[in-house]
Amino acid sequence: MVADKIIQVKHVSFTYPDSKTKAASDVSFDIKKGTWTAIVGHNGSGKSTITRLLNGLLLPDKNPETKIIIDGQELNEETVWDIRDKIGIVFQNPDNQFVGATVADDVAFGLENRGVPRDQMIKTVKWAVEQVGMSDYFNAEPANLSGGQKQRVAIAGILAIQPKIIILDEATSMLDPSGRKKVLNLVKKMKDMEDLTVLSITHDVNEAFIADQVLLLNDGKLINQDEPVNVFSQTKLINDLGLEEPFIFKLKDKLKSVGIKIPENVNTEEKLIEILCQLNSKM
Ligand SMILES: Nc1ncnc2c1ncn2[C@@H]1O[C@H](COP(=O)(O)OP(=O)(O)OP(=O)(O)O)[C@@H](O)[C@H]1O
């Protein structure tokens, strides 16, 4: 394995049974360990298909050049269970991911399944619930939590089993702005602390903008792989694909239209606020 590449996808295609078109078409990409990658594309562009291929739920079309390597292991019938253990997935609907009667039970579920000894399980559950800021709800019923809190508990369940990769499959799309922000901040913190590799599948360009890299899909083809600022500054392509520009780009355009020019390299809200404050103090 090339040491820092945790995911290697080479010439992967996939055709659903009875379909004439490829849902993934000769897709190749690498993902570095400890980074955040956003997979972006319109409805039906192949985002979920790629994720299902990564954890072996779908098998690629046969081709001698095709390879999926996860954490040094080539995905095949023998390695698929090992590889699934390395990947935790948070799904879109917070209500569909609970099995436990309390938050603690729920977070313990994956550990129980793996036969983790009780003492260690109690410690790990406490740690994971703390990490996501839900200790006050340890014995609460998941049904009584808000959407954002439910997603944080789902993340705790994943952290408890210590995966190498976490996939957010539209995990924030049903949350309000505050819940969304809390979940994304949490994932960012986890990425930095636990050296997790994050993949988020999203329609939300602002969520994709905080990633380290973006994979842009269209009709099953990977059409761009780059830093978010480079991907989203191709405005025509982004609009042609039916995606929006990130908020920060729109704001810079608006400021420009009223005569306030913001330097090209200012692409975060924090930097923009800093520049506007500097301009304000000179007025
Ligand atoms: N089970 C299936 N059987 C047949 N075709 C499918 C199946 N699932 C998806 N497809 C087709 O494969 C293509 C890619 O679908 P996929 O779900 O991967 O896209 P997506 O980008 O995740 O879409 P969305 O944003 O709507 O979730 C689409 O044309 C879709 O209609």
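Residues numbered from 1 in each chain as written. Predicted model: local features only at pLDDT ≥ 70, side-chain atom pairs only at ≥ 80, totals over all residues.

Student: Quick question: what am I supposed to make of helix α5 (residues 147–160) here?
Tutor: Since the α-helix advances by 3.6 residues per turn, residues separated by three or four positions end up pointing in the same direction. Here α5 spans 20 Å end to end across 14 residues, near enough to the 20 Å set by a 1.5 Å rise per residue. In the stretch just after α5, Gln162 is the one whose phi turns positive, near 50°. (Helix = DSSP H or I, 4+ residues; strand = E, 2+ residues; numbered from the N terminus. Expected span 1.5 Å × (residues − 1).)

Student: Explain the sheet that holds strand β5 (residues 73–74) here, please?
Tutor: Sheet strands line up and pair through hydrogen bonds in the backbone, either parallel or antiparallel. Reading across the sheet, the four strands line up as β2-β1-β4-β5 and stay open at both edges, with antiparallel pairing between neighbours. Single-partner strands in this sheet number two, and they are β2 (24–32) and β5. Here strand β1 (residues 5–14) pairs with strand β4 (residues 67–70) via four bridges, running antiparallel. Bridging across to β4, Val9 finds its partner in Ile68. (Pairing = 2+ DSSP bridges.)

Student: I tried to follow the domain arrangement of the chain on my own but got confused; where do I start?
Tutor: One frequent convention defines the size of an interface as the accessible area lost when the parts assemble. Segmentation of the chain into domains returns domain 1 (5–239) and domain 2 (246–283). Taken over C-alpha atoms, the centre of domain 1 sits 33 Å from the centre of domain 2. Contacts between the two partners involve five residues from domain 1 and, on the opposite side, five residues from domain 2. For the side of domain 1 that touches domain 2, the secondary-structure elements that each account for two or more residues are α7 (205–209) and α8 (228–232). (Domains from an automatic or database assignment. Contact = placed C-beta atoms within 7 Å.)

Student: What is the right way to look at the site of the ligand in this model?
Tutor: Close contacts around the ligand come from Tyr16, Ser19, Ala23, Gly41, Asn43, Gly44, Ser45, Gly46, Lys47, Ser48 and Thr49, and that covers them all. Its residues assigned to classes, the shell around the ligand shows two nonpolar, eight polar and one charged. (Near = placed C-beta within 6 Å. Nonpolar A, V, L, I, M, F, W, Y, C, P; charged D, E, K, R; others polar.)

Student: Quick question: what am I supposed to make of unusual backbone geometry here?
Tutor: Residues apart from glycine generally show negative phi values, whereas peptide bonds are mostly found in trans. A positive phi angle, near 50°, is found at Gln162, a position not held by glycine. Within the fold, Gln162 resides in the loop between α5 and β7 (165–169). Although it is not a glycine, Asp219 adopts a positive phi angle of roughly 45°. Judged by the 15 C-beta atoms lying within 10 Å of it, Asp219 falls in the partly exposed class. (Buried ≥ 20, exposed ≤ 12 C-beta atoms within 10 Å, placed from the backbone.)

Student: Please explain helix α1 (residues 47–54) as it appears in this structure.
Tutor: Among the residues making up α1, those that are buried are Lys47, Thr49, Ile50, Leu53 and Leu54. Along the long axis of α1, the arc covered by the buried residues comes to 165°, so they all point the same way. Downstream of α1 by a residue or two, Gly56 has a phi angle that is positive, lying close to 75°. (Arc of directions from axis to C-beta.)

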